[in-house]
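# Understanding the architecture of this molecule
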Amino acid sequence: STDAVTFQTGEAAGDDIVLSGALTGTDDNLTFDAGSAGDITVGGTTALGTGNLIVRDADILNFGTTSAATIALTANDVATGTYTATTTATIDATLVRAITLTAGTTARIEASDNINQASVTAADLTVRGNNSVVLINTTVNNISGGQAFEQITLLEPDGLGRYTVNAIPFGPERAGIIENA
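Residues numbered from 1 in each chain as written. Predicted model: local features only at pLDDT ≥ 70, side-chain atom pairs only at ≥ 80, totals over all residues. Heavy atoms only, no water.

### Digging into the packing of aromatic side chains
Basically, it comes down to this: Pairing of aromatic side chains here covers Phe, Tyr and the six-membered ring of Trp, requires ring centres within 6.5 Å, and sorts the geometry by plane angle: under 30 degrees stacked, over 60 edge-to-face, intermediate tilted. Under the DSSP-based scheme used, a helix requires at least four consecutive residues in state H or I and a strand at least two consecutive residues in state E, with every element numbered from the N terminus. We call a residue buried when its accessible area falls under 20% of the maximum for its residue type, exposed when it is over 50%, and partly exposed in between, using a 1.4 Å probe and counting protein chains only.
In the structure shown here, the tally under the stated rule is 3 aromatic pairs. With a centroid separation of 5.7 Å and 85° between ring planes, the pair formed by F32 and F63 is classed as edge-to-face. On the criterion of sequence distance, the pair formed by F32 in strand β4 (residues 29-33) and F63 in strand β8 (residues 60-68) is long-range, its members being 31 residues apart. The same class applies to F32 and to F63, which are both buried. The interplanar angle of 55° and the centroid separation of 6.0 Å between the aromatic rings of F63 and Y83 together place this pair among those described as tilted. Of this pair, F63 sits in strand β8 while Y83 sits in strand β9 (residues 70-85), and the two are 20 residues apart along the sequence. According to the relative accessible area criterion, F63 is buried, its value standing at 4%. The exposure class of Y83 is buried, given its relative accessible area of 0%.

So this is what it looks like as structure tokens:
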């Protein structure tokens, strides 16, 4: 049977969740909620098998190596982590940086500020970084290197920052380069 485990704080500043050991399960769903002022740090490996990982709310999110059927993260700052979802992975944050994300089917990363130095592998990738998107070592629909940008769905950003995948401009930056060529 599928078990559901929830870690929830009082959701005030300093009400953090800090776990250093491994979290494992075969089909267990795991939910974290530290509120918009609380941090979540999981230093050990999290392996949920066919279970799902959900972070409902956090200020700063730091995970070690994580695998689950689906991963859904909502935080102010998704700072570090290696995340592997056998199906879908979604991240909704202000800032996403220095993460590795692998999704069996669909990955969606939306940042109201920046996506910076994220490495993504997915069959389908949608991103929005209102001020910039910098993806490294990214493969979309089995295409990597300089052509990976062609496979990315870019949601219209509010800002005019830097948009690159594997050092190749895409989005508003690429449109400006092509227009001026």
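Picking up where we left off.
### Some words on the side chain of T9
What counts, and what does not: Polar contacts, as used here, are pairs of N or O atoms within 3.5 Å; protein pairs need one atom able to donate a hydrogen and one able to accept it. Residues neighboring in sequence count only if both atoms are side-chain atoms. Residues count as neighbours in contact if any of their non-hydrogen atoms are within 4.5 Å of one another.
Of note, T9 is situated in the loop between β1 (4-8) and β2 (17-19). Overall, the relative accessible area of 17% leaves T9 in the buried class. At 3.3 Å, the side chain of T9 and the backbone oxygen of D15 are in polar contact. Setting aside chain neighbours within four positions, we find T9 in contact with D15, D16, I17, D33, A34 and G35.

### Describing the environment of V165
In this fold, V165 is placed in strand β14 (residues 163-165). V165 sits in the buried class, given a relative accessible area of 0%. Remark: the alpha-carbon pair of V165 and T90, spanning 75 residues in sequence, is separated by 18 Å. Excluding its chain neighbours within four sequence positions, the residues that come into contact with V165 are L135, T138, A148, F149, I152 and F170.

### Details of the pairing of β4
Where we set the bar: The rule for pairing is simple: two strands pair if DSSP sees at least two bridges between them.
For β4, a buried count of 4 out of 5 residues is recorded, marking the element as mostly surrounded by other parts of the structure. Inspection of the sheet shows β1 paired to β4 by 5 bridges, in the parallel sense. Opposite V5, over in β4, you have L30 as the bridge partner. Across 4 bridges, the pairing between β4 and strand β7 (residues 52-57) is parallel.

### A closer look at the confidence of the model for the protein chain
Using the following cut-off: Residue-level confidence of the predictor is summarised by pLDDT, bounded by 0 at the bottom and 100 at the top.
In this model, the protein chain carries a mean pLDDT of 90, and residues with pLDDT of at least 70 account for 92%. Confidence, read as mean pLDDT per element, is least for helix α1 (residues 172-180) in the protein chain (54) and greatest for β7 (97).

### Describing the pairing of strand β10 (residues 89-97)
Relative to β10, β9 runs parallel, the two sharing 7 bridges. Paired with V78 across the two strands is V96, which belongs to β10. Two elements, β10 and strand β11 (residues 99-129), share 8 bridges in a ladder whose sense is parallel. From the neighbouring strand, T90 faces β11, where its bridge partner is R108.

### Side note on the pattern of salt bridges
Pairing between side chains becomes possible if they bear opposite charge and their charged atoms approach one another. Just so we agree on the cut-off: The working definition used for a salt bridge is a side-chain nitrogen of Lys or Arg within 4 Å of a carboxyl oxygen of Asp or Glu.
Scanning all chains against the criterion turns up 4 salt bridges. The closest approach of N and O atoms between R108 and E110, which form a salt bridge, is 2.8 Å. One salt bridge in this structure joins E110 and R128, with 3.3 Å as the shortest N-O distance. Judged by its relative accessible area of 24%, R128 falls in the partly exposed class. Within this structure, R108, E110 and R128 form a network of salt bridges that share partners.

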